[in-house]
Amino acid sequence: MTRRDSYLRDVVWRRFRANRFAVVGGVVVLAMFALSILAPYITPYEPNTLDAYHVLLPPSSAHWFGTDEVGRDVFTRMLFGARISLKVGFVAVGIATLIGTVVGLVAGYYGGWLDSLLMRFVDIMFCFPTFFLILAVIALLEPSIWYIMLIIGLTGWMGVARLVRAEVLSIRERDYVLAARVIGCSDQRIIFRHILPNAVGPVLVYATLGVAGAILTESSLSFLGIGVPPPTPSWGNILASGKEFLEFAWWLFLFPGLAIMVTVLSYYLVGEGIRDAMDPRFSTRR
Amino acid sequence: MLYYLAKRLLLMIPLLIGITIITFGVIHLAPGEPVEMQVAMNPKVSAEARERLRKFYELDKPLHVQYGKWVGRLVRLDFGRSFAPDGRPVIAKIRERLPVTISLNMIVLILEFALAIPIGVMAATHRDGPLDRWTTVFVFLGFATPLFWLSLILMYLFGVRLGVLPISGLHSLGYEAHGIWWQIADLAKHLVIPISVATFGSLAGLSRYMRTGMIEVLGQDYITTARAKGLSERVVIYRHALRNALLPAITILGLSVPGLIGGSVIFESIFAIPGMGKLFMDGVMARDYPLVMGVLVIGAVLTLVGNLLADLAYAVADPRIRHGRERAL
């Protein structure tokens, strides 16, 4: 079992590496992490210190991405904003993946009325235009980054649930699960040792794509003025303040948008890369 | 077919009930009562007026009674009156905004299919070649670009810098004075940027789906048979393969409805288009609860209808479905 696992991992890893786009995406993802963690060591400026003498300066060697309307260094704010945007992405997707996996496992493994009930609930949640639901909830609550993460997570778990359920349904009938049951394994052990590990792959792909989606959603919310509350920098709210100065301070607007685009694209390429690498149908070139 | 339709309609009922329960629950998440919120914005409201409002929304009754009464009114399409100063019925506001959003989304959907299908087919037939790789990057760019950002850049470029396109609304000032053709041209000019951006953003999903579907179909035996009997590649791809690869695209059509409706919030806010998305956003900002609830319910019902239409189209296209075989999930 273990040897087969490591063999599989090798194959997946080799195929992933052969995919140039996926590798570039992976490098960018790692670079973004490094930049956001090392932010205080990279830049000499503080993200929230006002400087009335250096307002709306265009990009220069001192301020790579220029300064904003209250004299803060845009590059610095984007480095610290990366922390927020990535945090929102990961926490939101973490919540969604956790809920989705539990719901999918329970529905798929136990089946019956519980399955019907949970899946109808998934259908209902899928009916709502997600962005409407998020807006409606956020409008009711105090603006806070935690609510944003929670709400994006709570409205994004349904896909994972369906995915995990489908995996469980197909794995449940395999001989080795039957064997495990025959020798008297508990439900818990069967779920966690025999079923879940096999569903990890597709969930990982889904979660990677989910991070990209969550980063976009956060930026849209902040852009509309109901996302991460200022002065905390996030890519979305740097953009939001940039739109006021679009005509004479393009740097405020251009760079955060590019950062979002490059990051989202990278997560997407990585996600697709993992999917293609794991999918046996894509293994042989016809 | 009729049997299938009836079955589908019946299945919608529990979903509709679920939608109303969730909407009702969302609104009652709010700390304090809706009335408090409305009153907080207007200090002149007396205690007596507050009491009257509370009576009107039945906030003094237990939750299940409130829910029951609310659903009772929903069935008669009565969403209550907007909290906005004009105090008009919510349904009237929605009715006047809905056609704008639906027609814009229809145009986007048509363009999306017209572009995404050929892109997906080309990517599949040139699989792993440079064409495949670069269309992949292009459609991913569409997915990854924050559309509000792209919209503003295009607005700035074409509207402010070059001055060739109008940047907001649907009509120019004083458009009523012009002839019909002028009005149509004017409308088209206003729509160029929002529609191109929305279409660009929606290409990724469908074209990827088409690509995967096409690759799968092209590997099947009947395609090999078609090739073996000497049919040209064109006929094999466009006559034999495409038909079957198109089936799943119909499902995507249904699934993309909530995304389109949700996305309309952003587009309509940026371009000041008087549709349902902007109505919703304004309602959210003003904490206009009856309006928010109304739009939320209508948005979900539209999604249901979209899914139903897609499923019906699927049943029309694929005889295996309409002859009663249960479709797996």
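Small disclaimer: the values here were computed from a predicted structure and weren't measured. (Residues numbered from 1 in each chain as written. Chains lettered and ligands numbered in written order. Predicted model: local features only at pLDDT ≥ 70, side-chain atom pairs only at ≥ 80, totals over all residues.)

**So, the overall build of chain B**
Link 1 in the chain: Counting its regular elements, chain B contains 13 helices and zero strands.
Link 2 in the chain: When the elements of chain B are put in sequence order from the N terminus, they spell out α-α-α-α-α-α-α-α-α-α-α-α-α.
Link 3 in the chain: Going through the 329 residues of chain B one by one, you find that 34% of them count as buried.
Link 4 in the chain: Restricting to contacts in chain B with at least 6 residues of sequence separation, those with at least 24 account for 69%. (Helix = DSSP H or I, 4+ residues; strand = E, 2+ residues; numbered from the N terminus. Buried ≥ 20, exposed ≤ 12 C-beta atoms within 10 Å, placed from the backbone. Contact = placed C-beta atoms within 7 Å.)

**Digging into the overall build of chain A**
Link 1 in the chain: Secondary structure summary: chain A contains twelve helices and zero strands in total.
Link 2 in the chain: Each helix and strand of chain A, placed in order from N terminus to C terminus, yields the pattern α-α-α-α-α-α-α-α-α-α-α-α.
Link 3 in the chain: Taken over the C-alpha atoms alone, chain A extends approximately 75 × 45 × 35 Å along its principal axes.
Link 4 in the chain: Burial status across chain A gives 44% buried among its 286 residues.
Link 5 in the chain: Contacts in chain A between residues at least 24 apart in sequence constitute 69% of all its contacts with a sequence separation of at least 6.

**Some words on the interface of chain B and chain A**
Link 1 in the chain: Listed per partner, the contact involves 40 residues of chain B and 35 residues of chain A.
Link 2 in the chain: If you list the elements that add at least two residues to the side of chain B that touches chain A, you get α1 (2-27), α6 (130-144), α7 (147-161), α10 (233-270), α11 (276-285) and α12 (289-317) of chain B.
Link 3 in the chain: Among the residues making up the side of chain B that touches chain A, the classes are represented as 30 nonpolar, eight polar and two charged. (Nonpolar A, V, L, I, M, F, W, Y, C, P; charged D, E, K, R; others polar.)

**Structural notes on helix α9 (residues 175-182) of chain A**
Since there are 3.6 residues in each turn of an α-helix, residues three or four apart along the chain are aligned in direction.
Link 1 in the chain: Counting buried positions along α9(A) yields zero of eight residues, so the element is predominantly exposed.
Link 2 in the chain: One or two positions beyond α9(A), positive phi appears at A:Gly184, with a value near 90°.

**Some words on the environment of B:Ala123**
Residues and elements named next belong to chain B.
Link 1 in the chain: Relative to the assigned elements, Ala 123 resides in helix α5 (residues 90-125).
Link 2 in the chain: Ala 123 gets classed as buried once you count the C-beta atoms within 10 Å, which come to 26.
Link 3 in the chain: Separated by 19 residues in sequence, Ala 123 and Gly 142 place their C-alpha atoms 16 Å apart.

**Brief notes about the packing of α7(B) against helix α8 (residues 180-218) of chain B**
Residues and elements named next belong to chain B.
Link 1 in the chain: As a packed pair, α7 and α8 sit with axes 10 Å apart at the nearest point and diverge in direction by 145°. Pair α7 / α8 crosses with right-handed handedness. Side by side, α7 and α8 meet where Leu 147, Leu 150, Ser 151, Leu 154, Met 155 and Phe 158 of the first sit next to Ile 193, Pro 194, Val 197 and Gly 201 of the second. (Axes fitted to C-alpha atoms, helices over the stretch in contact; angles between N-to-C directions. Left-handed = near helix turned anticlockwise from the far one by under 90°.)

**Considering the packing of helix α4 (residues 74-110) of chain A against helix α10 (residues 187-223) of chain A**
Residues and elements named next belong to chain A.
Link 1 in the chain: α10 packs onto α4 with a crossing angle of 145° between their chain directions and a minimal axis gap of 8 Å. Two packed elements cross with a definite hand, and for α4 against α10 that hand is right-handed. In this structure, α4 uses Ser 85, Val 88, Gly 89, Phe 90, Ala 92, Val 93, Ala 96, Thr 97, Thr 101, Leu 105 and Tyr 109 to contact α10, whose residues at the interface are Ile 191, Ile 195, Leu 196, Val 203, Ala 207, Gly 210, Val 211, Ala 214, Ile 215 and Glu 218.

**Re the confidence of the model for chain B**
Atom-level detail of predicted coordinates should not be read off regions where pLDDT is low.
Link 1 in the chain: Averaged over chain B, the pLDDT score is 80; the fraction of residues at 70 or greater is 88%.
Link 2 in the chain: With pTM at 0.84, the complex prediction returns an ipTM value of 0.82. (pLDDT = per-residue confidence, 0-100.)

**Notes on the nonpolar core**
Link 1 in the chain: One finds A:Leu135, A:Val264, A:Tyr268, B:Phe280, B:Val292 and B:Val295 to be the most contacted residues of the largest nonpolar core, which totals 146 residues.
Link 2 in the chain: Those residues in contact with B:Val295, other than ones at most four positions away along the chain, are A:Phe132, B:Ile94, B:Met276, B:Leu279, B:Phe280 and B:Gly283. (Core = buried A, V, L, I, M, F, W, Y, C linked by C-beta atoms within 7 Å.)

**Considerations on the environment of B:Gly263**
All names here are of chain B.
Link 1 in the chain: Relative to the assigned elements, Gly 263 resides in helix α10.
Link 2 in the chain: By C-beta crowding, Gly 263 is classed as buried, having 23 other C-beta atoms within 10 Å.
Link 3 in the chain: Here the alpha-carbon distance between Gly 263 and Asn 105, two residues 158 residues apart in the chain, equals 9.7 Å.

**So, unusual backbone geometry**
All names here are of chain B.
Link 1 in the chain: With phi around 50°, Ala 272 is a residue other than glycine that occupies positive phi space.
Link 2 in the chain: Assignment of secondary structure puts Ala 272 in the loop between α10 and α11.
Link 3 in the chain: Ala 272 gets classed as exposed once you count the C-beta atoms within 10 Å, which come to 12.

**Focus: helix α5 (residues 112-127) of chain A**
Link 1 in the chain: The terminal C-alpha atoms of α5(A), which comprises 16 residues, lie 23 Å apart, in line with the 22 Å expected from a rise of 1.5 Å per residue.
Link 2 in the chain: Inspection of α5(A) places A:Val122, A:Ile124, A:Met125 and A:Cys127 among the buried residues, and these make up the whole buried set. (Expected span 1.5 Å × (residues − 1).)

**Things to note about the environment of B:Ile102**
Link 1 in the chain: By the secondary structure assignment, B:Ile102 is in helix α5.
Link 2 in the chain: Given 16 C-beta atoms within 10 Å, B:Ile102 falls into the partly exposed group.

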